[in-house]
Amino acid sequence: HVAQELHSVHDLEKFSFAMRRCSVPLLRHASRRQQLAVARAFAAAPDAQRQVLGATVKLTKSPTHADNDHHTVDTNDLLARSDTYISRHLGTSPQQQKEMVQQMGFNSVDELIDAVIPKHLRRTDEMALHKEPVSETAALEKLREIMSKNIEVKNFMGQGYHGAITPSTIQRNLLENPIWYTSYTPYQAEIAQGRLESLLNYQTLVTELTGMDIANASLLDEGSAAAEAMAMVVRGTSSKRDAIFFISDMAHPQTIELMKVRAAQYGVNTVVGDADTFNFTGKKVIGALVQYPDTRGVLKDFSKAAEALHSHGGQLIVSADPLALCVAKPPSQFGADIVVGSMQRFGVPMLYGGPAAAYLATSKKRARSMPGRIIGVSIDSQGDKAIRMALQTREQHIRLDKATSNICTAQALLANMSAMYAVYHGPSGLTRIARRVHALAQLFAMRASEIGFEPETFTDFFDAVTLKTDPINADWMVDFLLQHNISARKIGTVNVQFSFDETHTEQDMTDLLAKLQEAAAMHARHELPMQQTSAHKITEVTGLLPEEFKRTGSFLTQPIFNRIQTETDMMRYIDRLARKDLSLTYSMISLGSCTMKLNAASTLLPVTWSSNSNIHPFAPASTVKGYRQMLHELERYLCTITGFYGCSLQPCSGASGEYAGLLAIREYQKSIGEGHRNVCILPKSAHGTNPASAAMAGMQVKWIDDSRGIDLKVLKQLAEEHVDDLSCLMVTYPSTHGVYEESIQEVCQIIHDNGGQVYMDGANMNAQVGLTAPAIIGADVCHLNLHKTFAIPHGGGGPGLGPICVVKHLEAFLPSHPVINVGENIKGGQISAAPWGQGGIAVIPWMYITMLGSRGLTE
């Protein structure tokens, strides 16, 4: 049998590859070492002997014994782990595959691939990965060993990320429920009424907290949401020349930097300064962003700033903490035009930066300029109430480079978690949580002042207390606390901030105060005595904000936020919504590569491990060695798969990756004195996000017809026409028509010959892995949809990951970060709020690649 199938194959590597496709199970599932041993024996055997070799050959020289049927059995193979992932991931058997390819006129899958992918584009080198698949258990054990290197400290860092308690019923019945995490974006309302209702709850929650008219169904993170809000203001400005956008220096540093990068692409000047002293009446000031409470924890009323901006048509954006808004005056009451923020602390762990749902809320008159999706109530064909997407970013396919945003996916799964968190707790429960957090901060401020550490403010704060440590150096204080497994945030040279959250207890606060007192005592033995603080102004702990900032009136009065009283009620409500939706638990969803994958449970288990989920994205490097190792390994995996040199995991979606890749190109061209290059050539079949991303990167789009494939003569003429200002070509491979264009290398060379770079959209990367690679076709940068090719669940519309891989000369222009150093000599523009984007779900592709190995990925 073996001889009949493999008789004509003489090259050892080809022989071994063919053996993996043969119909003899023992050979097909043998290890690479075993298959090569068979190959050598077969190649050395006389022709006559090959006729009987299949029945007599020994796979290895390892110990063997004969079974009851007198067949030779390999002990190593017999004792190997049986829980291999590859057989579960590929749903078709070899016989089924053979039947399918025969229907197409081929004898094998290999013959099909040879006919489809041009020979000169085929990969000839081995990916720098382990070759053989790893069992699910072994992969989990390896990852657990790596992540055990993380040190879970008591976190008081804040800065937009906080500890949160995920109610067990939400974790069990929603986050870990495949009905919720395998469903697709709700483009078809009739199979998505459950998710749509939950997302409508999310929007209602946001509008109630902010006091605004309308909210979208989530964005990627707080920083990029602020940048999207700024883009709304810029788009509504008739003249951008000399326009100024003000950013408060009391906003979170990651938000400030991200907005500055985005504004530069729009040609808008940014001014970072003091909102208390800045002159907002200047007519060139088109808008401003402020933080509420600010990054030092202080609450301020921005009514005067709003009034000054409105006097000449400017707009005020407020980045607000939603838990604070449960007890604090909503931004609408002091003149906010747009409110953004992160819902992470509504039941979602920190996850080393994400994912978590961001929000954007505004007035109804600005609805059509909003990014993202808006869920609305309508009427179905029977006249009954029905929910659907009233506005969606797929209008990119219509407006292309004139679209409001390049946002495609969002954070639906996380938005649903936060919505259910609010449903479960209700307004009274949320208020109680917020008052408790504020009470802990009040008590801490009072007691810290008693031992010589004066807070910046005794009254106008919510959860964060910034202490003056003078004359103790802030660096010394933060290091001292870290030695005792307490993380705090250094601000300046003599200020340290402590942020309280839902997970903290009074004992945590007592332990923290004890260490502060110990530090003061150590300092007093060697230095001058600590300064005496003024008499503290907190006479009692009430959990109430000052009258000036206190929320008045009721909120979340809708029945859904007030009728869920028990865990049973919550479980039944989540299940009732789930039963309205189509997911992979019911059937295949043939709507594209986002859904056509197995979301293996083994890849998802690590997401909720404490060593993965309870880590702050700005945690000191000494406490996240496990995370850094896992992320670095994933970056290396993606580089060898694509054939590229460098990788960034910071982009949080495919569209975000597009933007990051285009920025890398533009920054590189600036570095060589060609920053004037701003033309992007796009095939007309391009995904709608491509032209929107190009516009966001400050490029002018030039279209080329590719209905019959890219015409090289037409492309050459267009490229030569723009030889002086050509920046790049954006191309999808295989094309959106599903074709491996044979001339793709010539296409890339034409762009390079005319001074441009090639950006490859990685949406169809699943059709390349192990067979060809972006580097082989001639691209310079590509993004990867890890929620497509590398098995991150689609979650009903997010989360995803959109890392980019680049050639060597672009590596220095990968996204950087203002808080955490993400790599030596990395100086590109920041894309996401966290340094590694949504680090918490990077374990999913790490597990996927580790379990499959290079052979499994190729198969």
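Residues numbered from 1 in each chain as written. Predicted model: local features only at pLDDT ≥ 70, side-chain atom pairs only at ≥ 80, totals over all residues. Heavy atoms only, no water.

(A) Structural detail: helix α10 (residues 136-147). With twelve residues, α10 should cover 16 Å at 1.5 Å per step; its first-to-last C-alpha distance of 16 Å lies within 8% of that length. Taken residue by residue, α10 has Glu 136, Ala 139, Leu 140, Leu 143, Ile 146 and Met 147 as its buried positions. All buried residues of α10 project into a common sector of 120° when viewed along the axis, lining one side. (Helix = DSSP H or I, 4+ residues; strand = E, 2+ residues; numbered from the N terminus. Expected span 1.5 Å × (residues − 1). Buried < 20%, exposed > 50% of the residue type's maximum accessible area, 1.4 Å probe, protein only. Arc of directions from axis to C-beta.)

(B) Examining the sheet that holds strand β24 (residues 804-806) more closely. What the seven strands build is an open sheet, ordered β18-β24-β23-β22-β21-β19-β20; its pairing is mixed. Edge strands, defined here as strands with exactly one partner in the open sheet, are β18 (646-648) and β20 (700-704). Along the sheet, successive strands turn relative to each other by an average axial angle of 20°, direction set aside. Its contacts with the sheet put helix α28 (residues 744-753) on β19 (679-683), β21 (726-732) and β22 (757-761), and the angle it makes with β22 is roughly 140°. (Pairing = 2+ DSSP bridges. Axes fitted to C-alpha atoms, helices over the stretch in contact; angles between N-to-C directions. Contact = heavy atoms within 4.5 Å.)

(C) Broad picture of the nonpolar core. By size, the foremost hydrophobic cluster in this structure holds 220 residues, and its most contacted members are Phe 444 and Phe 498. When residues of this core are assigned to their parent elements, the largest contribution, 21 residues, is made by helix α18 (residues 412-450). Once residues within four sequence positions are removed from consideration, Phe 498 is found in contact with Phe 156, Phe 444, Asp 463, Ala 464, Val 465, Leu 467, Leu 481, Ala 488, Leu 512 and Leu 516. Judged by nonpolar contacts, the second largest core, of 32 residues, contains Val 234, Ala 243, Val 268 and Ile 286. (Core = buried A, V, L, I, M, F, W, Y, C linked by side-chain atoms within 4.5 Å.)

(D) A look at the environment of Leu 513. Tracing the backbone shows Leu 513 in helix α20 (residues 506-526). The buried category is assigned to Leu 513, whose relative accessible area is 9%. Note: C-alpha distance between Leu 513 and Ala 448 (65 residues apart in sequence) is 6.7 Å. In contact with Leu 513, other than residues within four places in its own chain, are Phe 444, Arg 447, Ala 448 and Ile 451.

(E) Spatial organisation of the packing of α10 against helix α24 (residues 625-642). Contact geometry for α10 and α24: axes closest at 7 Å, N-to-C directions at 130°. Classified by the angle their axes make, α10 and α24 are oblique. Residue-level inspection shows Lys 142, Leu 143, Ile 146 and Met 147 of α10 in contact with α24, the latter providing Gly 626, Tyr 627, Gln 629, Met 630, Glu 633 and Tyr 637. Broken down by class, the residue content of the contact of α10 with α24 amounts to six nonpolar, two polar and two charged. (Parallel < 35°, antiparallel > 145°, perpendicular 65-115°, else oblique. Nonpolar A, V, L, I, M, F, W, Y, C, P; charged D, E, K, R; others polar.)

(F) Up close: the sheet that holds strand β14 (residues 464-468). Across the sheet, which stays open at both edges, the four strands sit in the order β13-β14-β17-β16 with antiparallel pairing between neighbours. Edge positions in the open sheet fall to β13 (454-455) and β16 (489-491), since each of these has one partner strand only. In this structure, β16 lies alongside strand β17 (residues 495-499), joined through three bridges in antiparallel fashion. Directly across from Ile 491, in β17, lies its bridge partner Asn 495. Where α18 meets the sheet, it contacts β13, β14 and β17, and its direction lies at approximately 10° from that of β14. In this fold helix α19 (residues 474-482) packs onto β16 and β17, with an angle of close to 40° to the strand it touches most, β17.

(G) Main features of the side chain of Thr 789. For Thr 789, the position within the fold is in the loop between β23 (781-783) and β24. There is a polar contact of 3.5 Å between the side chain of Thr 789 and the backbone nitrogen of Asn 766. Residues within four places of Thr 789 in sequence aside, it is in contact with Gly 762, Met 765, Asn 766, Val 769 and Tyr 848. (Polar contact = N/O pair within 3.5 Å; in protein donor to acceptor, adjacent residues only side chain to side chain.)

(H) Region of the structure containing the pattern of salt bridges. For the coordinates displayed, the defined rule picks out 23 salt bridges. Glu 257 is the partner of Lys 260 in a salt bridge, and the nearest nitrogen-oxygen pair spans 3.9 Å. Of this pair, Lys 260 and Glu 257 are both found in helix α15 (residues 253-266), three residues apart, which corresponds to roughly one turn of the helix. The class for Glu 257 is partly exposed, based on a relative accessible area of 28%. Residue Asp 463 pairs with Arg 345 through a salt bridge whose shortest N-O separation is 2.9 Å. On the criterion of sequence distance, the pair formed by Asp 463 in the loop between β13 and β14 and Arg 345 in the loop between β9 (338-342) and β10 (358-362) is long-range, its members being 118 residues apart. Judged by its relative accessible area of 5%, Asp 463 falls in the buried class. On the accessibility criterion, Arg 345 (4% relative accessible area) is buried. (Salt bridge = Lys/Arg side-chain N within 4 Å of Asp/Glu carboxyl O.)

(I) Inspection of the packing of helix α13 (residues 193-210) against α18 at higher detail. Put simply, α13 and α18 touch, their axes get as near as 8 Å, and they point 65° apart. By the angle between their directions, the pair α13 and α18 is classed as roughly perpendicular. Remark: the crossing between α13 and α18 carries left-handed chirality. On α18, the residues touching Arg 195, Ser 198, Leu 199, Asn 201, Tyr 202 and Leu 205 of α13 are Ala 412, Ala 415, Asn 416, Ser 418, Ala 419, Met 420, Ala 422 and Val 423. Its residues placed into classes, the contact of α13 with α18 shows nine nonpolar, four polar and one charged. (Left-handed = near helix turned anticlockwise from the far one by under 90°.)

(J) Summary view of unusual backbone geometry. Following Tyr 292, the chain continues to Pro 293 via a peptide bond in cis, the omega torsion being -15°. Looking at the element boundaries, Pro 293 is found in the loop between β7 (285-292) and α16 (303-310). A cis amide bond links Asp 470 to the next residue, Pro 471, at an omega of 10°. Considering the arrangement of structural elements, one finds Pro 471 in the loop between β14 and α19. Residue Ala 791 is not a glycine yet carries a positive backbone phi of 70°. For Ala 791, the location among the structural elements is in the loop between β23 and β24. The backbone of Asn 825 shows a phi angle near 65°, a positive value even though the residue is not glycine. Note that Asn 825 resides in the loop between β24 and α30 (843-858).

(K) Region of interest: the packing of aromatic side chains. Tallying each qualifying case throughout the model produces 19 aromatic pairs. Ring centres of Phe 246 and Phe 280 lie 5.1 Å apart, and the angle between their planes is 85°; on these two criteria the pair is classed as edge-to-face. A residue pair is termed long-range when its members are at least 10 positions apart, and Phe 246 in strand β5 (residues 244-248) and Phe 280 in the loop between β6 (269-273) and β7 qualify at 34 residues. Each member of the pair Phe 246 and Phe 280 is classed as buried. Site record: aromatic cluster; members linked through ring pairs are Phe 156, Phe 444, Phe 498 and Phe 500. (Phe/Tyr/Trp six-rings, centres within 6.5 Å; stacked < 30°, edge-to-face > 60°.)

(L) Highlighting helix α26 (residues 689-696). The element α26 is largely enclosed, with a buried count of seven among its eight residues. Every buried residue of α26 is accounted for by Thr 689, Asn 690, Pro 691, Ala 692, Ser 693, Ala 694 and Met 696. Within two residues after α26, Gly 698 carries a phi angle of roughly 80°, on the positive side.

As far as function goes, none of this settles anything; it's purely spatial.
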